[in-house]
Amino acid sequence: MARKIRAYRELKSRPRESQKYALDYETMQRPLTGKRLPVMAWQDVQRETRLFSLLSNLKLFGVGRLFTRKSWIEEHPEPCYWQISKVKVDYTAENMDHGSAWGILSFKGNKEAEVKEIDKIMYHDWRLIPKHMEHVFTDFMPLPAPPPRSVPYPPLLRAMILAKQKRTGDVCEEPALPLQRTVMFNKDYFKMKEQERKNNEGTPV
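For the structure given in this document, a descriptive report is provided here. (Residues numbered from 1 in each chain as written. Predicted model: local features only at pLDDT ≥ 70, side-chain atom pairs only at ≥ 80, totals over all residues. Heavy atoms only, no water.)

1. Brief notes about a nonpolar patch on the surface
Part 1: On the surface, V151, L177 and L179 cluster together into a nonpolar patch covering about 230 Å² of accessible area.
Part 2: Structurally, L177 can be placed in strand β8 (residues 176-178).
Part 3: Residue L177 is classed as partly exposed on the basis of its relative accessible area of 36%. (Patch = residues over 30% accessible without salt bridge, like charges linked within 9 Å, V, L, I, M, F, W, Y side chains within 5 Å. Areas by Shrake-Rupley, 256 points an atom, 1.4 Å probe, with all protein chains shown as cover. Salt bridge = Lys/Arg side-chain N within 4 Å of Asp/Glu carboxyl O. Helix = DSSP H or I, 4+ residues; strand = E, 2+ residues; numbered from the N terminus. Buried < 20%, exposed > 50% of the residue type's maximum accessible area, 1.4 Å probe, protein only.)

Dropping the structure here:
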């Protein structure tokens, strides 16, 4: 019971996002932590706005509207944007400009299928896409992916592979070495590997 009470008190005393991300624009410091923003970010902080600063001025907090970021516009020629589907506002904030938002991400013209929480909402480089410009982003058709390129194996290695295929009865196809290898790790991959290592090593006695 005491552990639950301590956990509840820690949860209640946890600073809200409006306190955690508050910023003194004169000193460029966060009052809660005393940390100062990097000098290279000062210009963007003074000129640009955060996501919730834009959402708080829109009808229904911008649900259904498209938002992009300045860094995406500068780095990628393909359209990158979020389509807002859900907003949870922190009503304790003075201007209701803090909270959490969810949406569908379209990155480099490829639209994801599932809704997920928007990250980096406290960055000062968010842009609202005007309604008359939305079709430029939504109507973009990404180019098809180029076919995989490959080269033949060296003669000796090729002969070894063909001999192995013939010995095992596999279909004898011309072996080719791909020039590009794509390895994708999900968020649970390293946890699974760590658990496998612990299971193999066992627990200390």
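Additional details are given in the paragraphs that follow.
2. Brief notes about the packing of aromatic side chains
Part 1: Taken as a whole, this structure holds 3 aromatic pairs when the rule is applied.
Part 2: Ring geometry for W72 and F107: centres 6.0 Å apart, planes at 75°, overall edge-to-face. Placement of W72 in helix α5 (residues 70-75) and of F107 in strand β3 (residues 99-107) is noted, with a sequence separation of 35 residues between them.
Part 3: Its relative accessible area of 12% is what places W72 among the buried residues.
Part 4: Arranged with centres 6.0 Å apart and planes meeting at 90°, the rings of Y81 and F137 form a pair that is edge-to-face. Of this pair, Y81 sits in strand β2 (residues 81-89) while F137 is found in helix α6 (residues 134-138), placing the two residues 56 residues apart along the sequence.
Part 5: One aromatic cluster is present, built from ring pairs that chain together W72, F107 and W126.
Part 6: Positioned above the aromatic ring of W72 is the side chain of R69, whose terminal nitrogen or guanidinium carbon lies 5.6 Å from the ring centre. (Phe/Tyr/Trp six-rings, centres within 6.5 Å; stacked < 30°, edge-to-face > 60°. Lys NZ or Arg CZ within 6 Å of the ring centre and 35° of its normal.)

So far we have only geometry, and geometry alone does not tell us how the molecule works.
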